[in-house]
Amino acid sequence: MRRHSTVILSGVTFFSRPVHCQYSLLGCGWRGPHHEVNSHEQQCQHPNHSGAQVFSHLQRQAENVEEASKIFTQIMSVLSFEKITFNDLQLKPYRTDEFIHKLFYETSRFSALSYQWVIKARLNDNQKDPHLTCNRFITYQLIVKSKPSSPMVVHFMILRGPFGDMRVNPHICQFEFTESNTESPFFALPLPDSAECNKLLAARIIDFRLMMGMVTK
Ligand SMILES: [Zn+2]
């Protein structure tokens, strides 16, 4: 969730956008309203840290950049597959019939790549009392409803799509569907934070786009 602080100047109210300290590259985690950034940066200690002190932070950043570029390359490669397709879908909440109802999400059936599919999602991997924790996350799986005649490797990812406002990070999942393996494992939906997860849950229906690509053997 983006927080804005309100500044009142001679009766005029406007929002001051949150900004990072300019030394965030050196590991400073300060984030605050724009009008406070100058006074913070004047007393920020990060420019005085030694190379050894900032090294592990820089190393972590380099790893993140490398990871991001790997995902980018994977997405580029999937977009070059012979068969790619997308569907704009909605996850709707349901409860299981068990004695203690469990919440889960499911889309309607949809067709893609000449098969029928459904996406299922759950909260905190079905842990007992997800409402009691403030660290919420969503995992999802892709299920093929018509039996594949031969094994097929499907790459898929969830995107915001034109009807939703999900701030999902780039990612690619992959699973080989066969006659006996019609359900992928649950993959984490990479949301930036738990607040984003709460925002999606509060909206009840989750709009998104599913991108799929298939390697034909
Ligand atoms: Zn700082």
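Check the entry above for the structure.
Note that the coordinates shown come from a computational prediction; the quantities given were computed from them, not determined experimentally. (Residues numbered from 1 in each chain as written. Predicted model: local features only at pLDDT ≥ 70, side-chain atom pairs only at ≥ 80, totals over all residues. Heavy atoms only, no water.)

Before going further, it helps to examine the coordination of the zinc ion. Looking at the metal site, the zinc ion is ligated by Cys21 (SG), Cys28 (SG), His40 (NE2) and Cys44 (SG), spaced 2.1 to 2.3 Å from it. Considering all four donor atoms around the zinc ion, angles at the metal cover 99 to 114 degrees and the coordination shape is tetrahedral. (Donors = N, O, S within 2.8 Å, 3.2 Å for Na, K, Ca; no water. Tetrahedral: all angles 85-135°; square planar, octahedral: opposite > 155°, others 65-115°.)

Our focus in this paragraph is the packing of aromatic side chains. For the structure shown, the criterion picks out six aromatic pairs. Ring geometry for Phe156 versus Phe187: centroids 5.7 Å apart, planes at 75 degrees, classification edge-to-face. With Phe156 in strand S10 (residues 152-159) and Phe187 in strand S12 (residues 187-188), the pair connects residues that are 31 residues apart, well separated along the chain. One aromatic cluster in this structure is built from Tyr115, Trp117, Phe175 and Phe177. (Phe/Tyr/Trp six-rings, centres within 6.5 Å; stacked < 30°, edge-to-face > 60°. Helix = DSSP H or I, 4+ residues; strand = E, 2+ residues; numbered from the N terminus.)

Next up on the list: helix H3 (residues 194-202). The set of residues buried in H3 consists of Ser194, Glu196, Cys197, Leu200 and Leu201. Down the axis of H3, the smallest arc covering the buried residues is 155 degrees, so these residues share one side. Packed against the buried residues of H3 are strand S6 (103-106), strand S8 (115-123), strand S9 (138-144) and strand S13 (206-215). Of the residues one or two after H3, Arg204 is the one with positive phi, at around 65 degrees. (Buried < 20%, exposed > 50% of the residue type's maximum accessible area, 1.4 Å probe, protein only. Arc of directions from axis to C-beta. Contact = heavy atoms within 4.5 Å.)

Glancing now at the nonpolar core. Trp117, Ile138, Leu142, Leu210 and Met212 are the most contacted members of the largest nonpolar core, which totals 34 residues. Setting aside residues up to four positions removed in sequence, Leu210 forms contacts with Thr85, Phe86, Asn87, Leu89, Phe110, Ile119, Leu142, Phe156, Met157 and Ile158. Core analysis: the next-biggest nonpolar cluster, separate from the first, contains six residues, Ile71, Val78, Phe81 and Met157 among them. (Core = buried A, V, L, I, M, F, W, Y, C linked by side-chain atoms within 4.5 Å.)

It is worth spelling out helix H2 (residues 51-78) at this point. For H2, built from 28 residues, the straight-helix expectation of 40 Å at 1.5 Å per residue is met to within 8% by its first-to-last C-alpha distance of 40 Å. Maximum bend of H2: about 25 degrees, positioned at His57. Buried residues of H2: Val54, His57, Ile71, Ile75 and Val78, and no others. Where H2 is buried, its residues meet strand S5 (83-95), S10 and S13. (Expected span 1.5 Å × (residues − 1). Bend = angle between axes of the 7 residues up to and from the residue.)

With that out of the way, let us pick up the pairing of S13. Counting buried positions over the 10 residues of S13 gives seven, a clear majority of the element. Here S5 runs beside S13; their pairing, made up of nine bridges, is antiparallel. Residue pairing for S13: Phe86 is matched across the bridge by Met211. In this sheet, S13 lies alongside S10 in antiparallel orientation, the contact comprising seven bridges. Following the sheet pairing, Ile158 is matched in S13 by Leu210. (Pairing = 2+ DSSP bridges.)

At Leu113, a position not held by glycine, the phi torsion is positive, near 55 degrees. Residue placement: Leu113 occurs in the loop between strand S7 (110-112) and S8.

Quick look at a nonpolar patch on the surface now. Residues Phe72, Met76, Leu79 and Ile84 make up a contiguous nonpolar surface patch of about 390 Å² in total accessible area. Assignment of secondary structure puts Met76 in helix H2. Given a relative accessible area of 44%, Met76 falls into the partly exposed group. (Patch = residues over 30% accessible without salt bridge, like charges linked within 9 Å, V, L, I, M, F, W, Y side chains within 5 Å. Areas by Shrake-Rupley, 256 points an atom, 1.4 Å probe, with all protein chains shown as cover. Salt bridge = Lys/Arg side-chain N within 4 Å of Asp/Glu carboxyl O.)

Topologically, Asn87 is positioned in strand S5. Of note is the side chain of Asn87, whose polar atom sits 3.4 Å from the backbone oxygen of Ser111. (Polar contact = N/O pair within 3.5 Å; in protein donor to acceptor, adjacent residues only side chain to side chain.)

To continue, consider the environment of Pro33. Here Pro33 lies in strand S4 (residues 31-33). Distance in space between the C-alpha atoms of Pro33 and Arg17 is 5.7 Å, their sequence separation being 16 residues.

This next bit is on the pattern of salt bridges. What the rule picks out here adds up to five salt bridges. For Asp165, the salt bridge goes to Lys199, with nearest N and O atoms at 3.8 Å. Residue Asp165 is found in the loop between S10 and strand S11 (173-177), and its partner Lys199 is found in helix H3; the two are separated by 34 residues along the sequence. For Arg167, the salt bridge is made with Glu196, and the minimal N-O distance between the two is 3.3 Å. In this pair, Arg167 sits in the loop between S10 and S11 while Glu196 sits in helix H3, placing the two residues 29 residues apart along the sequence. On the basis of relative accessible area, Arg167 is assigned to the partly exposed category, the value being 32%. In this structure Glu196 comes out as buried when scored by relative accessible area, which is 2%. Each of Asp165, Arg167, Glu196 and Lys199 takes part in salt bridges that share partners, so that together they form one network.

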